[in-house]
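# Descriptive structure summary
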Amino acid sequence: MQNISVIGAGTMGNGIAHVFAQKGFTVTLIDTQPAQLEKALATIARNLDRQIAKGTLTEQDKQSTLGAINTSTTLSEGVAKADLVVEAATENVDLKLNIFRQLDEHAPQSAILASNTSSISITRIASVTRRPQSVIGLHFMNPVPVMQLVEIINGYATDESVTKKMTALSEKLGKVPCVVNDYPGFIANRILMPMINEAITSLFEGVAGVQEIDTVMKLGMAHPMGPLQLADFIGLDVCLYILRVLHDGFGNPKYAPCPLLVNMVTAGYLGAKSGEGFYKYTPGSKDLVVSARFNA
Ligand code: NAD
């Protein structure tokens, strides 16, 4: 396995391209937006510089990593020689189904087709291809070059040999793979999102303030980040989307998103990326300031 095509050059796609290229794979990074490809290459170069500053990488490693990444805006050309495709495009069911129909058409018959989706059913994605046995979830965590976990998701029809190959490949990338089955939220988000939703509900019901809730979980449970800050970092729209997947998928009211979360997303308060969520974010500042809306 040598040629890796990565679809989508956003937050996750640039990190996935980075780790594969750094480990000696040949990467083709594909996006419909040329500006996203340029931005991704600049981000990768900046992150490699950070590794050099830490003493974990040499300038020569940086050049060989960047030299191993090609870019393309045409999916059919970009996947023509792929041994593995990792799809990391926008989290939208119809968009992903459409991409996998095209991958089935244009990627070599022997290629494994993986999705980095946080919440969409791998079984559903696989069902639009003529090779569901070769479709699998490879759920990298953000930021990809830093986070060790890869959640590997077996679709209903995924072949055991494909799972074994992806487990070995994840280890080759220096990651720790965990194999799980394809049910809503897999494991990571099935456990994380109800915790975040409960933190938001505690705030909504006035049990405690933003700072208190996050401090209890940081100092009491040794979490590096409180659940409200983490929700802001992930994006409140993304959290809401995943909670809806859990709610619809299990039909259990315990997954119903908190009305406060729904209101915040509807009003465009999406967390760090929009400048305000539970905290207020000022470009260039690392201070954690609680949003004035939640100050008593
Ligand atoms: P993003 O919005 O940063 O990037 C998505 C990229 O996909 C954009 O550059 C967009 O131009 C591109 N794209 C859209 N349609 C395309 C198409 N048809 N062909 C090629 N490129 C296309 O999104 P992201 O945060 O990187 O998320 C990507 C995937 O990774 C999603 O499935 C998401 O659920 C998953 N994920 C995200 C995180 C996270 O923390 N952001 C963590 C784990 C998994």
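See the structure printed just above.
All of the points below concern the structure found in this document.

So, how was this worked out
- Residues numbered from 1 in each chain as written.
- Predicted model: local features only at pLDDT ≥ 70, side-chain atom pairs only at ≥ 80, totals over all residues.
- Heavy atoms only, no water.
- Buried < 20%, exposed > 50% of the residue type's maximum accessible area, 1.4 Å probe, protein only.
- Helix = DSSP H or I, 4+ residues; strand = E, 2+ residues; numbered from the N terminus.
- Arc of directions from axis to C-beta.
- Contact = heavy atoms within 4.5 Å.
- Pairing = 2+ DSSP bridges.
- Right-handed = clockwise from strand over helix to strand, strands pointing away.
- Near = heavy atom within 4 Å.
- Polar contact = N/O pair within 3.5 Å; in protein donor to acceptor, adjacent residues only side chain to side chain.
- Nonpolar A, V, L, I, M, F, W, Y, C, P; charged D, E, K, R; others polar.

Turning to helix α12 (residues 259-266), its buried residues are Leu260, Leu261, Met264 and Val265. Buried residues in α12, looked at end-on, bunch into an arc of 130 degrees, giving them a common side. Seen from the buried face of α12, the exposed residues on the opposite side, beyond 90 degrees, are Asn263 and Thr266. Looking at the buried positions of α12, the neighbouring elements they touch are α8 (188-204) and α11 (236-250).

Let's shift gears to the pairing of strand β5 (residues 112-115). Along β5, one buried face is formed by Ile112 and Ala114 and the opposite face, lined by Leu113 and Ser115, is buried too. As judged from the 4 bridges shared by strand β4 (residues 84-87) and β5, these two strands associate in the parallel manner. By the bridge assignment for β5, valine 86 is matched with alanine 114. For the crossover from β4 across helix α5 (residues 93-106) to β5, the handedness is right-handed. Traced from β5 through helix α6 (residues 122-127) to strand β6 (residues 135-140), the parallel crossover comes out right-handed.

The next thing to look at is the site of the ligand. Around the ligand, 23 residues are found, and the nearest of them are Asp31, Gln36, Glu91, Lys96 and Ser118. In this structure, glutamine 36 approaches the ligand through a side-chain N or O atom, which is 2.7 Å from an oxygen atom. Note that an oxygen atom of the ligand is positioned 2.5 Å from one of the side-chain N or O atoms of glutamate 91. Of all the secondary structure elements, the ones that give two or more residues to the shell around the ligand are α1 (11-22), α5 and β6. Its residues placed into classes, the shell around the ligand shows 8 nonpolar, 12 polar and 3 charged.

Geometric descriptors of this kind do not, in isolation, establish any biological role.
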